[in-house]
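# Fold and geometry: a report
For reference, the chains in residue letters:
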Amino acid sequence: MMRFVRSGVALMAAIGLSGCTLGIHKDSPTVSYTVPRDYRTVFLRAQNQADECLRGKDEYTVRAKVDAAAQSGEIDVVAPFGSVVVARTELRATDGKHTRVTQTVWGRAPWDMAALDAMRQSVRLDTSVCSAYR
C-alpha cells in the first residue's frame, strides 16, 4: 500500500514539473464580462448550470459560496482526483443591477474553451447551456 502511495505522489510531482498542471492555473482560459443582472440572480444561474450540466457525473462536485455583505460569490467544479478545481465562476456586484463575472476553466477537455463558452452563455442567456458537457 505504501508503495502505491509513493508511486502516486511521484506521478503527481512528475506531472506538475512537466508543465501539465492539474486544474486551474495562471494560464488557464478565462473570460470576464458584465451582465445586467443582480449578483444573486447570476450566482443562482451559474450554480444551477454547473449542477444541471454535471447531472449523472457523480465524480465531480459543485462547491458554491456567496458573500451577501460583499455582494459576491464563487462556484467551483471540483474533479474527482483530490480537490482540483477544473472550472470556476467568480462574481461581484458592480451596482444593484449589474454583476461582473469572471469564469475560468482548466484548459483540457472537457474543461476547455467549449465549456467556457457554455458557462458564459448560461449566464448571458439565463438558461443552462451544457453542450460542452454532454
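## Describing the pattern of salt bridges
Where charged atoms of side chains with opposite charge meet at close range, the side chains can pair. Considering all chains together, one arrives at eight salt bridges under this definition. Between Glu-74 and Lys-65 there is a salt bridge, and its shortest N-O distance comes to 4.0 Å. The exposure class assigned to Glu-74 is buried, which follows from its relative accessible area of 17%. For Lys-65, a relative accessible area of 54% gives the class exposed. One salt bridge in this structure joins Arg-88 and Asp-76, with 2.7 Å as the shortest N-O distance. In this pair, Arg-88 sits in strand E4 (residues 85–95) while Asp-76 sits in strand E3 (residues 72–78), placing the two residues twelve residues apart along the sequence. Three or more residues joined by partner-sharing salt bridges are found here, namely Arg-63, Lys-65, Glu-74, Asp-76 and Arg-88.

## Concerning the sheet that holds strand E1 (residues 30–35)
Strand order in the open sheet formed by five strands is E1-E5-E4-E3-E2, and the pairing between neighbours is antiparallel. Unpaired on one side and paired on the other, E1 and strand E2 (61–67) mark the two borders of the sheet. Adjacent strand axes in the sheet meet at a mean angle of 10°, parallel and antiparallel pairs treated alike. Both E1 and strand E5 (residues 98–105) contribute to a ladder of six bridges, which runs antiparallel. Residue Tyr-33 lies in a different strand from E5, and its bridge partner there is Val-101. Against the sheet, helix H3 (residues 113–125) contacts E1, E4 and E5, and its axis sits at roughly 165° relative to E5.

Analysis parameters
- Residues numbered from 1 in each chain as written.
- Predicted model: local features only at pLDDT ≥ 70, side-chain atom pairs only at ≥ 80, totals over all residues.
- Heavy atoms only, no water.
- Salt bridge = Lys/Arg side-chain N within 4 Å of Asp/Glu carboxyl O.
- Buried < 20%, exposed > 50% of the residue type's maximum accessible area, 1.4 Å probe, protein only.
- Helix = DSSP H or I, 4+ residues; strand = E, 2+ residues; numbered from the N terminus.
- Pairing = 2+ DSSP bridges.
- Axes fitted to C-alpha atoms, helices over the stretch in contact; angles between N-to-C directions.
- Contact = heavy atoms within 4.5 Å.

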